Amino acid sequence: AQTVTQSQPEMSVQEAETVTLSCTYDTSESNYYLFWYKQPPSRQMILVIRQEAYKQQNATENRFSVNFQKAAKSFSLKISDSQLGDTAMYFCAFMKFNFGNEKLTFGTGTRLTIIP
Amino acid sequence: EAQVTQNPRYLITVTGKKLTVTCSQNMNHEYMSWYRQDPGLGLRQIYYSMNVEVTDKGDVPEGYKVSRKEKRNFPLILESPSPNQTSLYFCASSFKGAPSPLHFGNGTRLTVT
């Protein structure tokens, strides 16, 4: 079974600064996908970024980028030029590569607050 | 607009009173799933469905039922709710074949007293 660990329950940062959220995972699978989801106070689950394990290049989406270290089983999220709208709970998630149950295994989340 | 619609958004009920949370998607997705979110535990999968009439248990299926009679609908049924089922519930859907991104509904906050 896979596990996902987010060791920072809460973080806060000043607006416009850069913040990094950590995530580690444990799996014996070689093919898998990793995701970061954002959950603002509206409760929506919003996909921020995803990474295929077979790709060495780190994924980037505008101000969001990841540092994917496959050997270390680490998948951190960097938010650059943070904005007030980035205030949310962030979940790291793992999905095994298969054509069956596309289950996401989630970490416990990091509550991020952007301070004006 | 492509979306996953859950109803109701909030629900307060009493122990033992059967309830159904509805979920409907308009994207012709084969795959649908239910998760519950609890503080300190993240989201955990309850049940999933690969297609019409094909359902299976996730990680925390006890106390829940589902059905998939039509492709677009995937209701979650609590036949005898208990206080430990107080949680935030999410329905999600996607096309089959990872890594199709999961589309989530807006959640249902359930309180069982």
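### A short note on the nonpolar core
Judged by nonpolar contacts, the single largest core of 25 residues is most densely connected at A:Y25, A:W36, A:F75, A:L77, A:Y90 and A:L112. Secondary structure elements with two or more residues in this core: β3 (19-21), β5 (32-39), β6 (46-52), β8 (64-69), β9 (74-79), β10 (88-96) and β12 (110-115) of chain A. Per-element accounting of this core gives the leading share, four residues, to β10(A). Beyond its immediate stretch of four places on either side in the chain, A:Y90 contacts A:Q6, A:L21, A:W36, A:Y37, A:K38, A:V48, A:F64, A:L77, A:I79, A:G109, A:T110 and A:L112. Residues A:M89, A:M95, A:L104 and B:L102 belong to the second largest nonpolar core, which totals 20 residues.

### Thoughts on the pattern of salt bridges
Residue and element names in this part refer to chain A. Scanning the entire structure with this criterion turns up nine salt bridges over all chains. The partner of K73 in a salt bridge is D26, with the nearest N and O atoms 3.7 Å apart. Separated by 47 residues along the polypeptide, K73 in the loop between β8 and β9 and D26 in strand β4 (residues 24-26) bring together distant segments of the chain. In this structure, R63 and D86 form a salt bridge, with 2.9 Å as the shortest nitrogen-oxygen distance. Separated by 23 residues along the polypeptide, R63 in the loop between β7 (60-61) and β8 and D86 in the loop between β9 and β10 bring together distant segments of the chain. For the pair shown, R63 and D86 are each scored as buried. The network of salt bridges with shared partners includes R50, E52 and K55.

### Notes on the pairing of β9(A)
All names here are of chain A. Taken across its six residues, β9 has five buried, putting it largely inside the fold. Bridge count between β3 and β9: three bridges; the pairing is antiparallel. Bridging from a neighbouring strand, T20 pairs with K78 of β9. As defined by bridge partners, β8 adjoins β9 across six bridges and the pair is classed as antiparallel. From the neighbouring strand, V66 faces β9, where its bridge partner is L77. Here β8 hands over to β9 after four residues, with K73 in that stretch at a positive phi of 55 degrees.

### Examining the sheet that holds strand β8 (residues 76-78) of chain B
Residues and elements named next belong to chain B. With antiparallel pairing, the four strands of this open sheet are ordered in space as β1-β3-β8-β7. The open sheet terminates on both sides in strands that have one partner only, identified here as β1 (4-7) and β7 (65-66). Judged from the two bridges that link them, β7 and β8 form a sheet pairing that is antiparallel. Directly across from V66, in β8, lies its bridge partner L76.

### Here we look at unusual backbone geometry
Residue B:P8 follows B:N7 across a cis peptide bond; omega there is -5 degrees. Inspection of the secondary structure assignment puts B:P8 in the loop between β1 and β2 (10-13). Positioned with a positive phi, A:R43 is a non-glycine residue whose angle comes to about 80 degrees. Inspection of the secondary structure puts A:R43 in the loop between β5 and β6. The exposure class assigned to A:R43 is buried, which follows from its relative accessible area of 8%. Of note in the backbone geometry, A:K73 takes a positive phi value of approximately 55 degrees without being a glycine. We classify A:K73 as partly exposed; its relative accessible area is 26%.

What counts and what doesn't
- Think of each chain on its own: its residues are numbered from 1, step by step along the sequence as written.
- Chains and ligands are labelled sequentially in the order written, the chains with letters from A and the ligands with numbers from 1.
- With the structure being a predicted model, the display of local features is reserved for residues of pLDDT at least 70 and the display and counting of side-chain atom pairs for 80 or more, all residues being used for whole-chain, interface and lining totals.
- As a convention, hydrogens and water are excluded, and side-chain values are obtained from all of the structure's heavy atoms.
- Take the buried Ala, Val, Leu, Ile, Met, Phe, Trp, Tyr and Cys residues and link them wherever side-chain atoms come within 4.5 Å; each set so joined is a nonpolar core.
- Note on classification: 1.4 Å probe, protein chains only; a residue is buried when its accessible area is under 20% of the maximum for its type, exposed when over 50%, partly exposed between these limits.
- Starting at the N terminus, helices and strands are each numbered in turn, a helix being any DSSP run of H or I of at least four residues and a strand any DSSP run of E of at least two.
- Only heavy atoms matter for contacts: two residues are in contact if any of them lie within 4.5 Å across the pair.
- Criterion for a salt bridge: a side-chain nitrogen of Lys or Arg within 4 Å of a carboxyl oxygen of Asp or Glu.
- Any two strands with at least two DSSP bridges between them are considered paired.

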